[in-house]
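The chain contents come next:
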Amino acid sequence: MRRIAGFFLAQLKRVCRLLQVQMGVSLMICSCAGVLAAVLVAQGAGEGQQRYRIGLVGDVSGSYLGFGFAALQTMDDSRLMIELLEMTETEAEAALAQGELTAVVRVPDDFLDAIIYGDNDTCVTYSAAAGQTQLGYTVMGEIADVASTLVTASQSAIYGMQRALYENGRADRVSAETDKFNLMLINLVLSRSGFSEVEILGYAEGLSLEAYYFCRIVLLLPLLAGLSGGVFFLYRKNALAGMLKAGGVGALSQIVGEYLAYLGFLCAGFLLPVFLLAQGLERALISLPEWEGVGAAPFLALLPAFFMATAMFAALQFFLYELADGIVNGLMLQLFVGAGMAYLAGYFYPSAFFPQRLRSVGAFLPSGAAARLVEGSFLERSAQGAGVAVIVWLAVFLLLAAVVRQRRILRG
Amino acid sequence: MLTKIGNMFVRGWLIQKRLLCKYSFLLLLALPLLFAAGLSRLAKEESGIAAIALYVPKDDATAKQVEERLLGKKSAFRYLSCETGEEAVALVEAGAADAAWLFSEEMEETLRELAEKRRVRPLVKVVERRDSVPLLLARETLSAAVYPAFSYAVYESYVTQDLGLTELTDEMIRQTYESVAVTGSLFAPVYADGSNVETEDVSYVQAPLRGILAIWLVFLGLAAVLSFMQDEERGVYGRLSGVRRFLAFYGVGGVYLLDGTAVLLLCCKLCGVFTDVLREVVCAAVFACCVLAFVNLLRLLCRTPRWIGVILLPLAAAMLALCPIFLDLQKCRAGKRLLPPWYYLQSIHNTRYLYQMAVYTAVLVLIGAVIQRLRKEA
């Protein structure tokens with residue numbers, strides 16, 4: 001035991017020498033996060049809901065189409081979720097590339113004529129932004145489907161009415177009745193939101209989207225910390241492990257000693273971000289719907305769960321570095337396993353976006369177990385299952401690391 | 001000349017052999033492939049940007065028709081059918097669904113009455129935990145699903161009441177309507193370069209894979225840097241002068257990135273985000289060159305493995321935040337343009353960015369050469 005403690009202390013000394021590096025990383029992370037937060041605030045992410053910004057390309061001035069688009073922006077309920085911006089093709093392309101638009105809609109010159117005469121053979125085309133490309137197309141597809149249904153159902157009703165007049169010998173009334181019926185349908189389309197009455201429940205259970213992302217982003221840092229933790233493994237020598245074994249410090253003891261030092265190394269790096277986050281919450285610079293006006297106290301209560309998750313991620317990173325032969329491969333494994341697990345556990349998209357089986361896989365992974373633990377703590381709800389899963393994962397990673405170390409020692 | 005080229009290939013092959021002998025490097029190449037294959041398989045299942053619990057009364061024809069309209073097409077939303085309204089609301093309360101749509105028990109009758117009065121009144125009760133833009137869009141979808149039945153009822157009532165064609169039977173009115181009914185979509189999705197989008201094949205769940213792999217390739221380049229630095233410390237390149245060492249790095253990095261690019265292309269193919277062979281290969285090749293020049297510059301600026309270690313995490317965070325993978329930030333234009341994955345992700349559907357990536361690569365190589373030269377003089 002004394003030897004293990006001695007080995008651990010030796011590792012701690014190494015950690016102290018590396019602290020300047022870790023502080024450098026910490027400072028860089030905080031600076032990046034600060035810049036990103038400033039950008040998001042400047043972008044207006046914190047001010048209510050963001051709308052889908054759609055660039056409109058094509059000459060719609062002085063036509064019924066222009067009136068239609070003006071109506072969409074002033075009278076229609078879709079203005080609450082869509083912001084239409086008229087622009088040229090070049091402007092739209094540049095704005096799309098810069099992420100300023102969700103999509104660009106191109107209206108061909110003969111589109112309105114095709115609608116009026118019921119040909120519907122000329123399509124409005126749309127392109128989504130490169131970021132979240134397929135998500136952009138999915139959303140735009142839904143918007144396009146809504147618009148298309150409203151137009152074609154109205155067209156069908158109007159043409160049906162016209163056909164009924166023609167077939168019953170009242171062709172003289174077609175023009176006047178078409179105008180009247182058209183206006184009536186436009187009014188009904190504009191008031192279509194009245195088909196539903198909305199009741200808002202609030203957050204009885206579960207997290208707000210802001211809180212969801214807060215928990216995930218807070219966990220993303222320790223999950224990817226293995227990248228900067230690489231310096232801890234930089235000059236590791238296989239011969240040392242064999243020598244220690246000969247001196248009575250077995251593979252598992254070596255792993256535990258090194259792991260605890262590595263955990264301390266990671267935690268030291270999180271002190272500054274945690275302090276700044278707590279200050280941000282205390283001064284209400286960061287606000288979550290669940291924590292409004294309560295300062296940093298709930299966040300501090302979250303720290304034990306956060307620490308458990310960090311301890312498990314540290315074990316995972318330790319195992320990956322042990323598994324990889326050399327720091328180079330170790331780093332790559334850290335990145336891919338970290339980013340992959342983060343994605344599958346819904347750190348980037350809400351996990352509700354995923355199919356059921358993918359969500360089950362995500363929840364089972366270490367990143368998912370950690371997220372469930374922190375969320376449970378956030379909601380002040382029992383998350384024993386997640387806590388047990390985190391501890392089991394931690395133990396599994398340490399044991400696997402010990403097995404790999406043992407094999408390495410035996411191979412010499 | 002031929003001997004020199006032959007030597008180059010031999011050296012390249014030796015580096016390749018050295019890499020392939022490391023099982024963890026093979027694991028590193030295999031992991032993205034497994035991830036892509038798994039993701040592609042799992043992404044085929046139903047998914048959506050919001051989950052909607054649906055309660056539809058069983059014996060109401062209009063409600064069933066609206067339900068069929070909602071469920072019968074590929075949607076951005078995931079619908080959960082419920083037996084009772086209470087069950088649907090409970091799902092929302094528990095956070096298992098984002099909204100519940102409770103259809104009126106007498107929807108058909110109410111709709112007909114409203115159509116006769118030319119009024120729009122609630123037919124569906126929507127219960128939500130909190131309003132959001134996706135749920136606004138969902139309500140638009142709901143309105144659009146109700147509207148065809150409503151517009152038909154309005155047409156029917158208009159023909160009989162306003163036009164006074166009372167002699168027409170319901171069947172005749174329907175036949176007249178169906179003989180002129182307009183179908184099909186007025187919108188078509190296209191990529192920025194005008195090529196068609198195959199929306200059926202790729203889910204948004206798979207879409208970020210290309211971005212993740214682009215970042216992975218940058219890190220593979222950084223792995224090459226670390227490996228090269230370690231070899232330098234061991235004195236492997238001790239006999240090489242500044243310029244030749246500069247070229248040696250391009251050789252080592254090139255082999256790493258060659259493997260990485262092959263894996264990237266294969267993953268895109270496996271995951272279904274692959275577009276056109278020529279376009280993919282050219283974009284990936286230019287991207288690999290760009291990454292090589294980028295990591296070489298970082299090598300020259302950081303100098304030691306320890307400093308490379310320091311920049312890894314901030315660089316990963318910057319790429320995740322600024323490249324259009326999960327987010328598309330409107331600001332930080334200059335920051336975005338410093339990162340090779342940004343050009344690569346844009347270039348797939350827009351050739352202009354391919355040229356910009358090539359120019360950026362040339363600039364990086366030039367800056368690298370200048371720094372190398374200055375170092376030598378110092």
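Parameters at a glance
Residues numbered from 1 in each chain as written. Chains lettered and ligands numbered in written order. Predicted model: local features only at pLDDT ≥ 70, side-chain atom pairs only at ≥ 80, totals over all residues. Heavy atoms only, no water. Helix = DSSP H or I, 4+ residues; strand = E, 2+ residues; numbered from the N terminus. Rg over C-alpha atoms; globule rule 2.2 N^0.38 Å. Buried < 20%, exposed > 50% of the residue type's maximum accessible area, 1.4 Å probe, protein only. Areas by Shrake-Rupley, 256 points an atom, 1.4 Å probe, with all protein chains shown as cover. Lys, Arg positive; Asp, Glu negative; His and termini not counted. Charge placed at Lys NZ, Arg CZ, Asp CG, Glu CD. Axes fitted to C-alpha atoms, helices over the stretch in contact; angles between N-to-C directions. Parallel < 35°, antiparallel > 145°, perpendicular 65-115°, else oblique. Left-handed = near helix turned anticlockwise from the far one by under 90°. Contact = heavy atoms within 4.5 Å. Nonpolar A, V, L, I, M, F, W, Y, C, P; charged D, E, K, R; others polar. Pairing = 2+ DSSP bridges. Salt bridge = Lys/Arg side-chain N within 4 Å of Asp/Glu carboxyl O. Buried area = accessible area lost by both parts, 1.4 Å probe. Polar contact = N/O pair within 3.5 Å; in protein donor to acceptor, adjacent residues only side chain to side chain. pLDDT = per-residue confidence, 0-100. Core = buried A, V, L, I, M, F, W, Y, C linked by side-chain atoms within 4.5 Å.

A few words on the overall build of chain B. Secondary structure assignment for chain B yields 14 helices and 5 strands. Against the 2.2 N^0.38 benchmark of 21 Å for 378 residues, chain B shows a C-alpha radius of gyration of 30 Å, more extended than a compact globule. When burial is assessed residue by residue, chain B has 56% of its 378 residues classed as buried. As displayed, chain B offers around 16,400 Å² of accessible surface, 59% of which is attributable to carbon and sulfur atoms. A distance of 23 Å separates the average location of the 41 positive side-chain charges in chain B from that of its 38 negative side-chain charges.

This part is about the packing of helix H7 (residues 209-224) of chain A against helix H13 (residues 366-378) of chain A. The packing of two helices is summarised by the inter-axis angle and the distance between the axes. Residues and elements named next belong to chain A. Between H7 and H13, the least distance of the axes is 10 Å, while the angle of their chain directions is 135°. With respect to each other, H7 and H13 are oriented oblique. With respect to the hand of their crossing, H7 and H13 are arranged in right-handed fashion. Along the contact surface, H7 presents Ala-211, Tyr-212, Phe-214, Cys-215, Arg-216, Leu-219 and Leu-223, while H13 presents Ser-367, Ala-370, Ala-371, Val-374, Glu-375 and Phe-378. When grouped by side-chain class, the residues that make up the contact of H7 with H13 number 10 nonpolar, 1 polar and 2 charged.

It is worth spelling out the sheet that holds strand S3 (residues 103-106) of chain A at this point. Read from one edge of the open sheet, 5 strands run S2(A)-S1(A)-S3(A)-S4(A)-S5(B), paired in mixed fashion. The open sheet terminates on both sides in strands that have one partner only, identified here as strand S2 (82-86) of chain A together with strand S5 (187-189) of chain B. Averaged over all neighbouring strand pairs, the angle between strand axes comes to 25°, with direction disregarded. With 3 bridges connecting them, strand S4 (residues 124-128) of chain A and S5 of chain B associate as parallel partners. Within S5 of chain B, the residue paired with Tyr-126 of chain A across the bridge is Pro-189 of chain B. The strands that helix H3 (residues 89-97) of chain A touches are strand S1 (52-57), S3 and S4 of chain A; relative to S3 of chain A, the one it contacts most, it runs at about 160°.

Here the structure, examined in full by the defined rule, presents 23 salt bridges over all chains. Here Lys-180 of chain A ties to Asp-162 of chain B by a salt bridge, and the two come within 4.0 Å at their closest N and O atoms. Of this pair, Lys-180 of chain A sits in helix H6 (residues 174-190) while Asp-162 of chain B is found in helix H6 (residues 133-162), placing the two residues in two different chains. Owing to a relative accessible area of 46%, Lys-180 of chain A belongs among the partly exposed residues under this scheme. Take Asp-162 of chain B: its relative accessible area is 27%, and that puts it in the partly exposed class. The salt bridge partner of Asp-162 of chain B is Arg-118 of chain B, with a shortest N-O separation of 2.4 Å. With Asp-162 of chain B in helix H6 and Arg-118 of chain B in the loop between helix H5 (107-117) and strand S4 (124-128), this pair connects stretches of sequence that are 44 residues apart. Connected through shared salt-bridge partners, Glu-258, Glu-322, Arg-405 and Arg-408 of chain A make up one network.

This part is about the sheet that holds strand S2 (residues 77-82) of chain B. On the basis of which strands lie adjacent, the open sheet formed by 5 strands has the order S5(A)-S4(B)-S3(B)-S1(B)-S2(B) and mixed pairing. Both edges of this open sheet fall to strand S5 (196-200) of chain A together with S2 of chain B, since each of them pairs with a single strand only. Across this sheet, the average inter-strand angle for adjacent strands is 25°, counted without regard to direction. Sheet analysis places strand S3 (residues 99-103) of chain B next to S4 of chain B, joined by 5 bridges and oriented antiparallel. Across the sheet, residue Ala-100 of chain B finds its bridge partner in S4 of chain B, namely Val-127 of chain B.

Before going further, it helps to examine the interface of chain B and chain A. Contacts between the two partners involve 133 residues from chain B, matched on the other side by 131 residues from chain A. For the pairing of chain B and chain A, the buried interface totals around 12,200 Å² over both sides, and the portion due to carbon and sulfur atoms is 66%. When the shortest N-O distance is used, the salt bridge between Asp-145 of chain A and Lys-73 of chain B registers 3.1 Å. Where chain B meets chain A, there are 18 residue pairs in polar contact (both at pLDDT 80 or more). In terms of residue count, the dominant contributor to the side of chain B that touches chain A is H6 of chain B (20 residues). Residues that form the side of chain B that touches chain A fall into these classes: 83 nonpolar, 22 polar and 28 charged. Bridge analysis of S5 of chain A against S4 of chain B gives 5 bridges, and the strand direction is parallel. By the bridge assignment, Ile-200 of chain A is partnered in S4 of chain B with Glu-128 of chain B.

What follows deals with the environment of Ala-268 of chain A. Residues and elements named next belong to chain A. Turning to its location among the elements, Ala-268 is positioned in helix H9 (residues 251-282). For Ala-268, a relative accessible area of 14% translates into the label buried. Separated by 245 residues in sequence, Ala-268 and Met-23 place their C-alpha atoms 7.9 Å apart.

A word on the side chain of Thr-178 of chain A. Residue and element names in this part refer to chain A. Within the element layout of this structure, Thr-178 appears in helix H6. Look at Thr-178 and you get buried, because its relative accessible area is 11%. Discounting chain neighbours no more than four positions away, the residues touching Thr-178 are Ile-158, Met-161 and Gln-162.

For the rest of this paragraph, the subject is the confidence of the model for chain A. In regions of low pLDDT, the predicted coordinates are not meant to be interpreted in detail. Residues of chain A with pLDDT of at least 70 account for 84%, and the chain-wide mean is 80. Per-residue pLDDT stays below 50 along residues 45-49 of chain A; that stretch engages in 7 contacts with residues further than four places along the chain or on separate chains.

To continue, consider the nonpolar core. Residues and elements named next belong to chain B. Counting residues in each nonpolar core, the largest one holds 257 residues, and the members touching the most others are Trp-101 and Phe-103. When residues in this core are grouped by element, the largest group, 18 residues, is from H6. In this structure, Ala-51, Val-89, Val-92 and Val-127 belong to the second largest nonpolar core, which totals 11 residues.

Residue and element names in this part refer to chain B. Here chain B shows a mean pLDDT of 85. Residues at 70 or above account for 95%. No element of chain B has a lower mean pLDDT than S5, which averages 78, and none a higher one than helix H10 (residues 277-302), which averages 93. We note a pTM of 0.75 for the whole complex and an ipTM of 0.71 for its interfaces.

What follows covers the environment of Leu-207 of chain A. All names here are of chain A. Structurally, Leu-207 can be placed in the loop between S5 and H7. Classification of Leu-207 by relative accessible area gives buried; the value is 13%. Each C-alpha atom of the pair Leu-207 and Phe-378 lies 8.5 Å from the other, and the pair is 171 residues apart in sequence.

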